[in-house]
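If you want the building blocks of each chain, they are given just below.
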Amino acid sequence: MFSFLTKSKYSFEGIKPYEKVVILLYRHWFIIFIGILGYIFLALIPPLVYIFFSVQIGNIGLTQIFDFLTAIYYLFWWLGLFYTITMYLLDTWVVTDHRVLDNEQHGFFNRTLSEMHLSRIQDMSVGVRGVIPTFLNYGNLEIQTAGTEPKFIFKQIPDPASVKNLINETFNRYVEAHKDNVEVHELGRQP
Amino acid sequence: MSLNDIEAMFSSINITAILFGFVFLIYWGYVFVIIYHLVRFGVGPKPKLFAMIFLAGAVILFTTALYTYARVDFTNLLGNLGSFKPELNIPSSNY
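All of these numbers come straight from a predicted model, not from anything done at the bench. (Residues numbered from 1 in each chain as written. Chains lettered and ligands numbered in written order. Predicted model: local features only at pLDDT ≥ 70, side-chain atom pairs only at ≥ 80, totals over all residues. Heavy atoms only, no water.)

### Describing the overall build of chain A
Part 1 of the argument: Within chain A one finds five helices and seven strands.
Part 2 of the argument: Ordering the α and β elements of chain A from the N terminus gives β-α-α-α-β-β-β-β-α-β-β-α.
Part 3 of the argument: By the burial criterion, 38% of the 191 residues in chain A qualify as buried.
Part 4 of the argument: In the structure as shown, chain A presents an accessible area of about 10,900 Å², 62% of it carried by carbon and sulfur atoms. (Helix = DSSP H or I, 4+ residues; strand = E, 2+ residues; numbered from the N terminus. Buried < 20%, exposed > 50% of the residue type's maximum accessible area, 1.4 Å probe, protein only. Areas by Shrake-Rupley, 256 points an atom, 1.4 Å probe, with all protein chains shown as cover.)

Written out as structure tokens, the structure reads:
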């Protein structure tokens, strides 16, 4: 029943049978931490209201309605919290031994999925801008593709310099294994 | 069906129950959309695990909300509000 939790560590829709995931990247933990911190403050509002106005609420005889409204508040608080977590978890960048995938979730039912073959990588640059990103070592990794296609941007990823090196190594291994950019794994499948 | 029957039928409908039923319907629709996104588009097991935690929390909170709703006496609610007389402690020196 729960096999989907252990079946594949990095399984995703559209992965090829011969493809291996090199790295799966989310935004840096600090990005989600800020969002969760906001929700922690919001969670403190009902207890604070009760502490400061418990006498008045009791005098009017609204304790039960207060409990009910608090329960409703937490229902929607839970939705908001997990909306933030969902958006964080669905913004992913996957580097496989054949390609780079960019999954960006811009809200519910609004998703961008782009992919780029490793052979199309022309140039990579790392950008760490700001005080907190410098201290926590997160930033953007921009991949320039061949031609006039827009850049591939890994946004706010942890340790972008190491990721750049890893993609370089993966690219070199790919070039060694695929002479003249021929996909050796699919040769037998073609008619 | 006479006019009295229709009137009796409408008076027996609990408006608050319909209102909160509507709120809970929206809630479960939203819960479904979040779980759908996590399970369908999530890469690896982590989003699925979060979907399970989210569902468990949603069920617990919904049960709590239902329990607190059952405890509220909506018929006496307006009566309680009407009987509320705020105590004003205004210092006499202000006058």
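### Focus on the overall build of chain B
Part 1 of the argument: Check the secondary structure of chain B and you find four helices and zero strands.
Part 2 of the argument: Traced from its N-terminal end to its C-terminal end, chain B shows the element sequence α-α-α-α.
Part 3 of the argument: Out of the 95 residues in chain B, the part that is buried amounts to 27%.
Part 4 of the argument: Surface exposure of chain B reaches about 6,700 Å², of which carbon and sulfur atoms provide 70%.

### A closer look at the nonpolar core
Part 1 of the argument: With 42 residues, the main nonpolar core has Leu-75 and Trp-78 of chain A together with Tyr-27 and Phe-54 of chain B as its most contacted residues.
Part 2 of the argument: Looking at this core, the elements that each hand over two or more residues are β1 (21-25), α1 (29-43), α2 (45-60) and α3 (63-90) of chain A together with α2 (15-41) and α3 (45-71) of chain B.
Part 3 of the argument: The element best represented in this core is α3 of chain A, accounting for 14 residues.
Part 4 of the argument: Both domain 1 (3-27 + 93-177) and domain 2 (34-86) of chain A contribute no fewer than three residues apiece to this core.
Part 5 of the argument: Every residue in contact with Tyr-27 of chain B, bar those within four places of it in the chain, is listed here: Leu-75, Trp-78 and Leu-79 of chain A together with Ala-58 and Phe-62 of chain B.
Part 6 of the argument: Counting 16 residues, the second-largest nonpolar core is a separate cluster that includes Trp-93, Met-124, Val-163 and Tyr-174 of chain A. (Core = buried A, V, L, I, M, F, W, Y, C linked by side-chain atoms within 4.5 Å. Domains from an automatic or database assignment. Contact = heavy atoms within 4.5 Å.)

### Concerning the sheet that holds strand β7 (residues 152-158) of chain A
All names here are of chain A.
Part 1 of the argument: One open sheet holds the three strands; their spatial order is β5-β6-β7, and the pairing between them is antiparallel. Where the open sheet ends on each side, the last strands, each with one partner, are β5 (121-127) and β7. The average undirected angle you get between the axes of adjacent strands in this sheet is 20°.
Part 2 of the argument: Where strand β6 (residues 138-145) meets β7, five bridges bridge the pair, whose relative direction is antiparallel. Across the sheet, Glu-142 pairs through a bridge with Ile-153, a residue of β7. (Pairing = 2+ DSSP bridges. Axes fitted to C-alpha atoms, helices over the stretch in contact; angles between N-to-C directions.)

### As for the packing of aromatic side chains
Part 1 of the argument: According to the stated counting rule, one finds 23 aromatic pairs over all chains in the structure shown.
Part 2 of the argument: Seen from their ring centres, Trp-28 of chain B and Phe-62 of chain B are 5.2 Å apart, and the 75° between their planes marks the pair as edge-to-face. With Trp-28 of chain B in helix α2 and Phe-62 of chain B in helix α3, the pair connects residues that are 34 residues apart, well separated along the chain.
Part 3 of the argument: Residue Trp-28 of chain B is classed as partly exposed on the basis of its relative accessible area of 28%.
Part 4 of the argument: An aromatic cluster of at least three residues, connected via ring pairs, comprises Tyr-73, Tyr-74, Trp-77, Trp-78 and Phe-82 of chain A together with Phe-54 of chain B. (Phe/Tyr/Trp six-rings, centres within 6.5 Å; stacked < 30°, edge-to-face > 60°.)

### Section: unusual backbone geometry
Residues and elements named next belong to chain A.
Part 1 of the argument: Of note in the backbone geometry, Asn-137 takes a positive phi value of approximately 60° without being a glycine.
Part 2 of the argument: With respect to the helices, strands and loops of the structure, Asn-137 is situated in the loop between α4 (131-136) and β6.
Part 3 of the argument: Despite not being glycine, Asp-159 shows a phi value in the positive range, around 45°.
Part 4 of the argument: Positionally, Asp-159 belongs in the loop between β7 and α5 (160-177).

### Here we look at the domain arrangement of chain A
Part 1 of the argument: Partitioning chain A into domains gives domain 1 (3-27 + 93-177) and domain 2 (34-86).
Part 2 of the argument: On a C-alpha basis, the centres of domain 1 of chain A and domain 2 of chain A stand 39 Å from each other.

### Details of α2 of chain B
Part 1 of the argument: The end-to-end C-alpha distance of α2 of chain B, which contains 27 residues, comes to 39 Å, matching closely the 39 Å that a straight helix rising 1.5 Å per residue would cover.
Part 2 of the argument: Of the positions making up α2 of chain B, those classed as buried are Phe-20, Phe-24, Tyr-27, Val-31, Val-33, Ile-34, Ile-35, His-37, Leu-38 and Phe-41 of chain B.
Part 3 of the argument: Contact partners of the buried residues in α2 of chain B: α3, β3 (99-105) and β4 (111-117) of chain A together with α3 of chain B. (Expected span 1.5 Å × (residues − 1).)

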